[in-house]
Amino acid sequence: MCIRDRAFITNNKNRFMIYDISVPNDPQQLSFIDLPAKIENFIVIGNHAYLAASDMGLVILDISQGIEISIAGQFNQIKNARDVDVRGNYAYVAGGRDGYYILDISNFSIITEIGRESSLSDAQLVRIVDDIALVADDLIGLKSFYSQVLYRFREQEVAKAQGAYEDVIVSGNYAYVAAGDSGVKVINVEDLNTPLSGGFIDNTGDYATSLDILGDYIYVTYRQRGLRQYNIAAYPGFLVSEGVEAGIPGEPQDVRVRGNLVFVASGSEGLQIVDLSDIASPEMYSLDTPGTAKSVFVLDDRAYIADGENGLQIVSINDPRNPVILQNINTFGDATSVFVSKIRDASDAERTYAFIANGFAGLYIADITDLSRPVNVATYSTLGSACL
C-alpha cells in the first residue's frame with residue numbers, strides 16, 4: 001500500500017515495514033516491527049496502521065514518526081483476525097469462523113466490542129461501503145449487511161461464489177469472478193442497498209483460471225476447455241456464449257486481450273496467442289518460453305511473460321504470427337506475475353519499469369527502458385512468497 005512517498009508492506013508473515021519511495025529507484029526502509037503473529041491484512045489511515053493479526057486480533061500501530069513504530073492499541077479477543085476496515089471511530093474485522101466484529105476504537109487503550117455477526121462460516125474479507133458491510137466468506141460466498149445503527153445487523157443477501165477465487169474484474173455494475181471449479185460467477189454491485197444477485201450459472205463444469213474484458217466481451221480461460229468468449233452487451237449480468245471456443249495447450253493460467261488478439265500464459269506451453277479476427281475460424285500462434293509461463297502483461301507491441309524460475313521474458317508481438325523473445329531477465333527467483341508501467345523520472349524523461357512478483361525472493365523491479373541493458377533498480381525482500 002502506497003500513500004504519497006511512503007510504501008507500507010508486510011512480508012506475508014509477521015513483519016510490517018515502512019519504506020521511503022520518494023526516489024523510486026532507490027527505496028529506503030525507514031522502520032519495521034515484528035509481531036508474534038501472522039499479519040493477514042492491514043489498512044493505513046493517517047498516522048495509524050490497523051492490522052488484522054490472526055490470533056493477536058486487531059493491532060493498531062502508531063506510525064506518526066516514520067522511523068519508529070509502536071503499538072498504540074490491541075483487541076485480542078478475536079482469535080483469527082483475517083481482514084480489517086475502518087470508518088471513523090469503528091473498526092470492522094473479519095474473524096474467520098468466529099464471524100464478523102464491529103469494534104469501538106475511539107479510545108485505543110480501551111477498545112470494546114459493540115457488535116458481532118456469528119452466522120458466517122469463515123469470514124475472510126470485509127469492506128464497508130456507505131451503510132453496507134460486505135463480507136466475503138470462503139464457504140458461503142459474499143454476504144452484505146445493512147447497519148445504519150452500527151451494531152444492529154440485517155442480512156441483505158448472499159452472492160454465492162464458492163470456489164477458489166483465481167481472478168476478478170469489475171466492469172460497470174458487475175463483478176466477474178474466475179472461481180476455480182465453480183466456473184465464472186457474476187455479482188451485481190449496482191445498488192448495495194438491494195440484494196446482491198448472480199444471475200449467471202456457468203455450466204461448463206470446468207475450472208476457470210483467469211479472465212479479461214474488452215468492450216462488450218469477456219474472455220475466460222479454463223483448464224480443459226481453454227479459451228471461451230462471452231457477450232455481455234445485452235445484459236451484463238448474464239454471459240452469453242458467442243460460440244468462440246479455442247483449445248489452449250498446456251495449463252492456461254493468465255489471459256490478456258488486446259484488439260482481436262488474446263494472449264494466454266499457458267504454463268509448460270509458454271505463450272499462446274489466439275487471433276479472433278475471424279471468430280468463425282480462430283487462428284493460434286505460440287512461443288515456447290524456456291520456463292513455465294505463469295502470467296502475461298501486454299503493453300504496446302510487447303508481451304511480458306513471468307516465466308517461473310526462468311525470470312522475465314520480453315517478447316516482440318509486432319508480428320503475432322511470429323513472436324520473438326527480445327530479452328530475458330534473470331530475476332533470481334520464481335517469477336509468478338508481472339506488471340509494466342511507464343513512469344516519468346525527475347528530469348521528466350519517460351522510463352519503463354517492470355514489477356515482478358518473484359516468489360520467496362520478493363519483489364524485483366527492473367528498468368527496461370533500454371532493452372539491451374535492463375537494470376535491476378530495486379529488490380524487496382518480503383520474507384514470504386510475493387504476489388501481485
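Up top you'll find the structure we're talking about.
Since we're looking at a predicted model, the values are computed, not measured.

Caption draft 1: Region of interest: the sheet that holds strand 26 (residues 271-275). Overall, antiparallel pairing links the four strands, which are arranged 24-25-26-27 in an open sheet. Either end of the sheet is taken by a strand with one partner, and the two such strands are strand 24 (254-258) and strand 27 (283-287). Each adjacent strand pair in this sheet contributes to an overall mean axis angle of 20°, direction not counted. By the bridge criterion, five bridges tie strand 24 to strand 25 (residues 261-265) in an arrangement that is antiparallel. When the sheet's bridge partners are listed, Val257 is paired in strand 25 with Val262.

Caption draft 2: Fine view of the pattern of salt bridges. Per the stated rule, a full pass over the model turns up 13 salt bridges. With a closest N to O distance of 3.0 Å, Arg82 and Glu40 form a salt bridge. Taken together, the residues Arg82 in the loop between strand 8 (70-75) and strand 9 (83-87) and Glu40 in the loop between strand 4 (28-34) and strand 5 (41-45) connect sequence positions 42 residues apart. When its relative accessible area of 24% is taken as the criterion, Arg82 is described as partly exposed. On the accessibility criterion, Glu40 (23% relative accessible area) is partly exposed. The residue Arg321 makes a salt bridge to Glu283 at a minimum N-O spacing of 3.3 Å. Separated by 38 residues along the polypeptide, Arg321 in the loop between strand 30 (312-316) and strand 31 (324-329) and Glu283 in strand 27 bring together distant segments of the chain. Arg321 gets classed as exposed once you look at its relative accessible area, which sits at 52%.

Caption draft 3: Representation of the nonpolar core within the structure. One finds Phe16, Leu35, Leu51, Leu61 and Ile63 to be the most contacted residues of the largest nonpolar core, which totals 17 residues. Of all the secondary structure elements, the ones that give two or more residues to this core are strand 3 (15-20), strand 5, strand 6 (48-52) and strand 7 (58-62). Apart from residues no more than four positions distant in its own chain, Leu61 is found in contact with Phe16, Ile33, Asn47, His48, Ala49, Leu51, Ile69, Ser70, Ile71 and Ala72. Ile43, Ile60, Tyr101 and Leu103 belong to the second-largest nonpolar core, a separate cluster that totals 16 residues.

Caption draft 4: Spotlight on the pairing of strand 34 (residues 363-367). Across the five residues of strand 34, four count as buried, placing the element largely inside the fold. As paired strands, strand 33 (residues 350-357) and strand 34 are joined by five bridges and run antiparallel to one another. For Phe355, the partnering residue across the bridge sits in strand 34 and is Ile365. Between the end of strand 33 and the start of strand 34, which pair antiparallel, lie five residues, with Gly359 showing a positive phi angle near 60°. Bridge count for strand 34 against strand 35 (residues 375-380) is five bridges, and the pairing is antiparallel. Paired with Ile365 across the two strands is Ala378, which belongs to strand 35.

Reading the values: rules and limits
Residues numbered from 1 in each chain as written. Predicted model: local features only at pLDDT ≥ 70, side-chain atom pairs only at ≥ 80, totals over all residues. Heavy atoms only, no water. Pairing = 2+ DSSP bridges. Helix = DSSP H or I, 4+ residues; strand = E, 2+ residues; numbered from the N terminus. Axes fitted to C-alpha atoms, helices over the stretch in contact; angles between N-to-C directions. Salt bridge = Lys/Arg side-chain N within 4 Å of Asp/Glu carboxyl O. Buried < 20%, exposed > 50% of the residue type's maximum accessible area, 1.4 Å probe, protein only. Core = buried A, V, L, I, M, F, W, Y, C linked by side-chain atoms within 4.5 Å. Contact = heavy atoms within 4.5 Å.

Everything listed here is a matter of coordinates, which is why it stays silent on function.
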